[in-house]
Amino acid sequence: MESAMWSEKYRPVILAEMRNQVDVVNRLKRFAETKAMPHCLFAGPPGSGKTTAALCLAHDLFGERFMDAFLELNASDARGIDVIRTTVKEFARIATISEVPFKILVLDEADNMTADAQHALRRTMERYTDTCRFVLSCNYSGRIIEPIQSRCAIFRFVPLEAEDVSAYVKIIAEKEHVHLTEPGLRALTSASEGDLRKAINTLQGASSLGKPIDEKVVYEVVGKAKPDDVQELLDVAAKGDFLKAREKLRSMLVQQGLSGKDILKQIHSEILRMPIPEKSKIELIDAAGEIDYRLIQGADEEVQLSSLLAHLALASSQKRSS
Amino acid sequence: MNAPWTVKHRPKMLADIAGNKPTIQQILDWLELWEKGPPKKRALLLHGPPGTGKTVSVEAAANERDLDLVEINASDKRNRDALEKTVGLATRQSDLFGRSRLVLIDEVDGINLSEDRGAVDTIVRLVEDTQVPVILTANDPWDPKIGPIRNATTMIEYRRLGLRDAVPYLKKICQKEGVEVEEQALRLIVDRNQGDMRSIMNDLQVLTSGRKKLTYEETTWLGFRDRRASIFDALKTVFTSPTCLQARRATDMANVDLDMFFEWVYENAPRQLNDPRDLSHAMSALAQADLYHVRIDRTRAWELLPYALEMETAGVAMSKEFTKPAWIPMKFPERIQLLSRTRKKRAIEAELGRSIGARCHISSRRAIHHYLPYIKYILEKNATEGDRIVKWLGLSEDAAEYLGVTPTPAEESTVVEKVEKKRAKTRTTAAKPRQKKKTV
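Throughout, a residue's number is its position along its own chain's written sequence, starting from 1. Whichever chain is written first is A, and whichever ligand is written first is 1; the rest continue in order. Per-residue local features are limited, in this predicted model, to residues with pLDDT of at least 70; the limit for side-chain atom pairs, both in listing and counting, is 80 or more; totals at the level of whole chains, interfaces and linings are taken over all residues.

Concerning the overall build of chain B
How we decide: Secondary structure is summarised from DSSP: a helix means a run of H or I of at least four residues, a strand means a run of E of at least two, and numbering begins at the N terminus for each. Exposure classification rests on a simple neighbour count of other C-beta atoms within 10 Å of a residue's own: a residue reaching 20 or more is buried, one at 12 or fewer is exposed, and one in between is partly exposed. C-beta atoms are placed from the backbone. What counts as a contact here is a pair of residues whose C-beta atoms, placed from the backbone, lie within 7 Å.
In terms of regular secondary structure, chain B is built from 23 helices and seven strands. The buried share among the 440 residues of chain B stands at 43%. Across chain B, the fraction of contacts at a sequence separation of at least 24, relative to all contacts at a separation of at least 6, is 75%.

Printed below as a string of structure tokens:
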């Protein structure tokens, strides 16, 4: 069955089809040619081509039937030490009988693995180096423990250049017979912020209206996909209605399933621009930093973030009274 | 509107009081005797556990018989001089308008021997000479310090309320308040509070606040059995204690699960503390307590527990500085309710995430953010395209229904699609991650 999501349908199959991340792709091509590769760590933002690069590399190495020698695990779904100890080990320890003497195991979102699971992984990587190569992908390489980093060749993926996003989107629009206007394309490119998956999903969403895609349509889809919840949250807290703010936060966490860390990141990026006393901003930044660390330690997202909102409500009330 | 139910629904008439009917009749008979002059024993000592209706029956009796009620309780100073001035005067003179009088000395076992010096002797003397009926109450009549009072009075015992008395009474209250509470829930609340009507009413008010219906299951969240005080009292301690030591006792008072206790405090702090300065401090203390709880979970270092408990009790109590006093009812932790209400929704979203993730090489958590909003949008705007996506994802009926899609009749899908669908289904329901197939 043909892929219904365009981001899958048009995902490059071989390395030669990848147009961006030129340096990375060139190095990977050499692995495919020599049929030899080290463990790899792909670091970069979402939608920059990490998973695609891993899939393409496997395809170039093993050919059409690459699934036999290829396993993809999402570390954030299948995290934890038991998965590393069982699934990963099972796959890694059995050698292949083919031209290429190793298998590839892709661990996506490896930065979401606990430190303990990473240490377990490190041992497995060492023990089965002969039969299996690991490709770890992550957003931040800093969250991968040093011993693993030192065992991997590190590849840094950067957000796609605007022209690359434009070029990809244009091709897909043509193939799908979608009328994408020039302003629509510009809006799509800028809204995607170098995230090709987001660009393609937005295009597909916009095309479902069945009319020419202009700026307006693009922004409607973008707005639907990511409502400005954080801004609203901050506004309510700044007005001093803490209970309402907490309710909003709760619904974002529980009903929309947003991660506390993402919400915190967005709040943090707004702090310097908030209409509150300058000194309070420093306190808020300090509090946000502390909370970020606590969330990593596994603290309760709502309790921690609502303490930040209470700080903000206080800072705003001071601004009002001064 | 927000008055405590213990005040709002306090019985005004004897017939309105739940339970202890024969006991109440005894009081009435004794008051009847006074019509013909002072009887042999001029005072009654009503004794029994808290919340059984001792004080309220005296008040209702006075109201019904139009007696002038003079009341002294533990909050008044009760040394010899003070008692002489109030009770002494009341037992000798009648009301200005010639109304008969009734004197109530509440909680006599709460007399403090050093602060209320001479109180017991004074009471005994007043009771022996009184010209008007005197009623005393006590939780523990066998307290040695009130021995002389026992001898000077007729003792009448109040018993704990049983289900047969309490449940019909509570049903009436619920009806008046316009809330529907399952009988089983009422029974549980009565049981847990061991027939103490005051704390039953408090719990009932807290549990039903802001809702029209209360089920048995929701009531079980309260989760305490060998209860010493209600969670209500413990929270009151947290939000009103002037000292750290006093606030710290809150966790010992309510025999609630500690996680649940945290949720209660966390839910109510912003309601009880109405000044942003106080609230900011309190929320910081709670966030700090949460951090200690996490460290305990992670390291199993239970010796850290006191720090967590002290932050969430004393830390919150000491935050109160600028808050204006007000009586605000305590609320049941909404977060717990929300989590249980949205459990199904979250399960379906997780399934959607897994289905999308299996097809799009992404974790379920991220799939929910990177794909689901677009898919929802497409479904909303373009049914044909949306249907194609739903089929491709091989969603279960539940998930498709959640997305607002009516499941396609089986004969419409081809055999290949059916097999595909079945396979996708097993893939999404399997606990272990499986090898993902690349779709080209």
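Once you've had a look at it, read on.
Some details on the interface of chain B and chain A
Note the following rule: Three residue categories are used. Nonpolar comprises Ala, Val, Leu, Ile, Met, Phe, Trp, Tyr, Cys and Pro, charged comprises Asp, Glu, Lys and Arg, and polar comprises the others, including Gly.
Taken residue by residue, the interface counts 50 residues in chain B and 54 residues in chain A. Broken down by secondary-structure element, the contributors of at least two residues to the side of chain B that touches chain A are helix H14 (258-272), helix H15 (276-299), helix H17 (334-341), helix H18 (343-360), helix H19 (364-370), helix H20 (372-381), helix H21 (383-393) and helix H23 (415-429) of chain B. Looking at side-chain class alone, the side of chain B that touches chain A contains 23 nonpolar, 11 polar and 16 charged residues.

Section: the sheet that holds strand E4 (residues 134-138) of chain B
Residues and elements named next belong to chain B. Worth spelling out the cut-off: When DSSP finds at least two bridges between two strands, those strands are taken to pair. Axes here refer to lines fitted to C-alpha atoms; in helices the fit is confined to the stretch in contact. Angles between the N-to-C directions go from 0 to 180 degrees.
Pairing in this open sheet of five strands is parallel, and the strands run E2-E3-E4-E1-E5 from one edge to the other. Strands with a single pairing partner mark the edges of an open sheet, and in this sheet they are strand E2 (68-72) and strand E5 (154-157). Geometrically, the sheet is characterised by an average inter-axis angle of 20° between neighbouring strands, direction not taken into account. Sheet analysis places E2 next to strand E3 (residues 101-105), joined by five bridges and oriented parallel. In the sheet register, Leu69 faces E3, and the bridge partner there is Leu102. Where helix H3 (residues 54-64) meets the sheet, its contacts fall on strand E1 (43-47), E2, E3 and E4, and the angle it forms with E4 comes to roughly 160°.

A short note on helix H8 (residues 182-192) of chain A
Residues A:Gly184, A:Leu185, A:Ala187, A:Leu188, A:Thr189, A:Ala191 and A:Ser192 constitute the buried set of H8(A). A:Glu193 occupies a position one or two residues after H8(A) and carries a positive phi of about 50°.

Examining the sheet that holds strand E3 (residues 103-108) of chain A
All names here are of chain A. Spatially, five strands are ordered E2-E3-E4-E1-E5 in an open sheet, and the strand pairing comes out parallel. Sheet topology places strand E2 (70-74) and strand E5 (152-156) at the edges, where each strand pairs with a single neighbour. Between one strand and the next, the sheet's axes are offset by a mean angle of 15°, whatever the strand orientation. Bridge count between strand E1 (residues 39-43) and E5: five bridges; the pairing is parallel.

Some remarks on the nonpolar core
Note the threshold: Linking buried Ala, Val, Leu, Ile, Met, Phe, Trp, Tyr and Cys residues through C-beta atoms within 7 Å yields a set, and such a set is a nonpolar core.
Residues A:Ala237, A:Leu309, B:Leu136, B:Val265 and B:Leu286 are the most contacted members of the largest nonpolar core, which totals 123 residues. In this structure B:Leu136 touches B:Ala43, B:Leu44, B:Leu45, B:Ile105, B:Val108, B:Ile149 and B:Thr153, once residues within four positions along its chain are discounted. In terms of nonpolar packing, the next biggest core, distinct from the first, is built from 48 residues, A:Phe102, A:Val106, A:Met125 and A:Phe155 among them.

Some details on the pairing of E4(B)
Residues and elements named next belong to chain B. Across the five residues that make up E4, a large majority, five, are buried. Residues Val134, Leu136 and Ala138 point to one face of E4 and Ile135 and Thr137 to the other, with burial holding for every one of them. Here E1 runs beside E4; their pairing, made up of five bridges, is parallel. Residue pairing in the sheet places Ala43 in a bridge with Val134 of E4. As paired elements, E3 and E4 share three bridges and run parallel to each other. Residue pairing across strands places Leu104 opposite Ile135, the latter belonging to E4.

Looking at H3(B)
Residues and elements named next belong to chain B. In terms of burial, H3 is a largely internal element, eight of the 11 residues being buried. Buried residues belonging to H3 abut helix H2 (21-34), E1, E2, E3 and E4. After H3 finishes, the residue Asp66 shows a positive phi value of roughly 55°.

Looking at the packing of helix H7 (residues 163-177) of chain B against helix H8 (residues 183-192) of chain B
Residues and elements named next belong to chain B. Note the cut-off: In these notes the angle categories are as follows: under 35 degrees is roughly parallel, over 145 is roughly antiparallel, 65 to 115 is roughly perpendicular, and the rest is oblique. Less than a right angle of anticlockwise turn of the near helix away from the far helix marks a crossing as left-handed, whereas a clockwise turn marks it as right-handed.
Where H7 contacts H8, the axes come no closer than 10 Å and their chain directions differ by 125°. Taken together, H7 and H8 sit at an angle that is classed as oblique. For the pair H7 and H8, the sense of crossing is right-handed. Facing H7, whose interface residues are Leu163, Ala166, Val167, Leu170 and Lys171, H8 presents Glu183, Leu186, Arg187 and Val190. Among the residues making up the contact of H7 with H8, the classes are represented as six nonpolar, no polar and three charged.

Regarding the environment of A:Tyr293
Residues and elements named next belong to chain A. Position of Tyr293 among the secondary structure elements: in helix H14 (residues 278-296). Given 12 C-beta atoms within a 10 Å radius, Tyr293 is considered exposed. Sequence spacing of Tyr293 and Lys261 is 32 residues, and the spatial spacing of their C-alpha atoms is 9.8 Å.

Digging into the environment of A:Ala43
All names here are of chain A. Following the sequence through the fold, Ala43 ends up in strand E1. For Ala43, a count of 23 C-beta atoms within 10 Å corresponds to the buried category. Excluding residues that lie within four positions of it along the chain, Ala43 makes contacts with Cys138, Tyr140, Ser141, Ile154, Arg156 and Phe157.

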